[in-house]
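If you want the building blocks of each chain, they are given just below.
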Amino acid sequence: MNSIIEVKHLKKNYGDKEVLKDINAEIEKGKVITVIGPSGSGKSTFLRCLNLLEKPTSGQVLFEGTELTDLKSDDLDKLRQKMGMVFQNFNLFPNMNVLENIKLAPMKVKGMADGEATALAHKLLKKVGLDEFADHTPTSLSGGQQQRVAIARALAMKPEVMLFDEPTSALDPEMVGEVLKTIQDLATSGMTMVIVTHEMGFARKVSDEVWFMADGYLQEKGSPDEVFDHPTSDRAKDFLAKIL
Ligand code: ADP
Ligand code: MG
């Protein structure tokens with residue numbers, strides 16, 4: 001079995017609102033999936049269900065064959081660490097400098113020694129091109145730089161999958177490129193990724209598969225060419241006509 005994440009008949013309700021109705025999907029190791037679709041269609045809810053930040057109402061999420069929905073919290077935490085998440089608003093800890101932001105989880109959660117965590121943090125900062133900002137506070141950085149730090153911080157836990165929820169939506173236009181470039185480098189390095197994005201040019205370039213979500217379902221799944229150039233559902237045709 002090559003899939004790292006499997007989703008079977010996933011449903012999620014908030015009260016009597018059915019947000020995810022019946023989601024079925026597989027994510028293969030090393031693949032880049034982008035999830036597109038209208039605002040409010042459940043993309044963030046779906047991502048949060050993948051690592052059980054949000055508890056599914058029913059259905060299954062399997063990570064490397066282990067059903068997450070069955071796990072006790074300690075075991076769940078261990079598997080969750082294998083999924084790094086990057087949010088729209090960076091969510092860096094404002095009272096810590098950049099280096100400390102990256103070191104925190106490896107030290108606290110994994111018990112990594114200070115020296116090792118420092119070396120790791122510098123290595124990751126170099127990777128995202130920000131090592132010279134190691135002792136800066138997050139708020140002294142631009143939005144694009146903060147998001148690159150957030151990516152480095154997620155990578156510090158050595159995840160097997162990275163989940164991105166609209167990583168460039170909060171950025172000024174001139175900063176979008178540097179963040180997309182960082183994500184693209186990760187893709188090239190073979191990282192398995194699920195990326196919710198409105199950047200269609202980027203999605204077309206970087207994705208192995210594009211998934212279109214609307215009305216609680218993944219309405220289309222396919223290669224970028226299939227989904228962008230030959231959508232089959234009216235819902236996807238309509239959405240793409242508005243944004244492309
Ligand atoms: P998207 O990311 O595609 O914009 P979301 O997953 O954020 O969509 O939201 C899908 C729907 O679920 C929206 O109608 C939203 O208002 C609702 N929703 C999301 N989170 C919650 C929550 N914690 N409680 C209640 N409703 C929520
Ligand atoms: Mg969202």
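So, how was this worked out
- Residues numbered from 1 in each chain as written.
- Chains lettered and ligands numbered in written order.
- Predicted model: local features only at pLDDT ≥ 70, side-chain atom pairs only at ≥ 80, totals over all residues.
- Heavy atoms only, no water.
- Helix = DSSP H or I, 4+ residues; strand = E, 2+ residues; numbered from the N terminus.
- Near = heavy atom within 4 Å.
- Polar contact = N/O pair within 3.5 Å; in protein donor to acceptor, adjacent residues only side chain to side chain.
- Areas by Shrake-Rupley, 256 points an atom, 1.4 Å probe, with all protein chains shown as cover.
- Buried < 20%, exposed > 50% of the residue type's maximum accessible area, 1.4 Å probe, protein only.
- Contact = heavy atoms within 4.5 Å.
- Pairing = 2+ DSSP bridges.
- UniProt positions renumbered as here; feature names shortened; annotations may be inferred.
- Axes fitted to C-alpha atoms, helices over the stretch in contact; angles between N-to-C directions.
- Parallel < 35°, antiparallel > 145°, perpendicular 65-115°, else oblique.
- Left-handed = near helix turned anticlockwise from the far one by under 90°.
- Nonpolar A, V, L, I, M, F, W, Y, C, P; charged D, E, K, R; others polar.

1. Observations regarding unusual backbone geometry
So, step 1. A positive phi angle, near 45 degrees, is found at E166, a position not held by glycine.
So, step 2. Tracing the chain through its elements places E166 in the loop between β7 (161-165) and α6 (173-188).

2. Quick word on the site of ligand 1
So, step 1. Around ligand 1 sit Y14, K17, V19, P38, S39, G40, S41, G42, K43, S44, T45 and R48, and that is every residue in its neighbourhood.
So, step 2. Within the contact set of ligand 1, an oxygen atom lies 2.8 Å away from a side-chain nitrogen or oxygen of K43.
So, step 3. Within the contact set of ligand 1, an oxygen atom lies 2.5 Å away from a side-chain nitrogen or oxygen of T45.
So, step 4. The protein chains hide 62% of the 560 Å² of surface that ligand 1 would expose on its own.

3. Details of the side chain of T34
So, step 1. Position of T34 relative to the elements: it lies in strand β3 (residues 32-36).
So, step 2. A residue is classified by how much of its surface remains accessible, and T34, at 0% relative accessible area, is buried.
So, step 3. Here T34 is in contact with I195, T197, A203, V206, S207, E209, V210 and W211, once residues within four sequence places are set aside.

4. As for the pairing of β3
So, step 1. β3 sits mainly inside the fold: 5 of its 5 residues count as buried.
So, step 2. On β3, burial covers both faces: V32, T34 and I36 on one face and I33 and V35 on the other are all buried.
So, step 3. As paired elements, β3 and strand β8 (residues 192-196) share 4 bridges and run parallel to each other. Residue V32 lies in a different strand from β8, and its bridge partner there is M193.
So, step 4. Summarising the sheet, β3 and strand β9 (residues 209-214) pair through 4 bridges and their orientation is parallel. Bridge pairing in β9 links I36 to F212.

5. Comments concerning the UniProt feature "domain: ABC transporter" (unreviewed entry) in the protein
So, step 1. This chain's UniProt record puts "domain: ABC transporter" (unreviewed entry) on residues 5-240.
So, step 2. Regarding residues 5-240, the helix share stands at 39% and the strand share at 26%, and the terminal C-alpha atoms are separated by 27 Å.

6. Looking at the packing of helix α3 (residues 98-110) against helix α4 (residues 114-127)
So, step 1. At their nearest, the axes of α3 and α4 sit 9 Å apart, and the two run at 125 degrees to each other. Judged by the angle between their axes, α3 and α4 are oblique. The crossing of α3 and α4 is right-handed. When α3 is examined against α4, the residues V98, L99, I102, K103, P106 and M107 are found in contact with a partner set consisting of D114, A117, T118, L120, A121, H122, L124 and L125.
So, step 2. The class makeup of the residues in the contact of α3 with α4 is 10 nonpolar, 2 polar and 2 charged.

7. Examining the sheet that holds strand β5 (residues 66-67)
So, step 1. One open sheet holds the 4 strands; their spatial order is β2-β1-β4-β5, and the pairing between them is antiparallel. Each edge of the open sheet is held by one strand with a lone partner, namely β2 (17-28) and β5.
So, step 2. Inspection of the sheet shows strand β4 (residues 58-63) paired to β5 by 2 bridges, in the antiparallel sense. Paired with F63 across the two strands is T66, which belongs to β5.
So, step 3. Across the sheet, helix α1 (residues 43-50) is in contact with β1 (3-14), β2 and β4; its angle to β1 comes to roughly 125 degrees.

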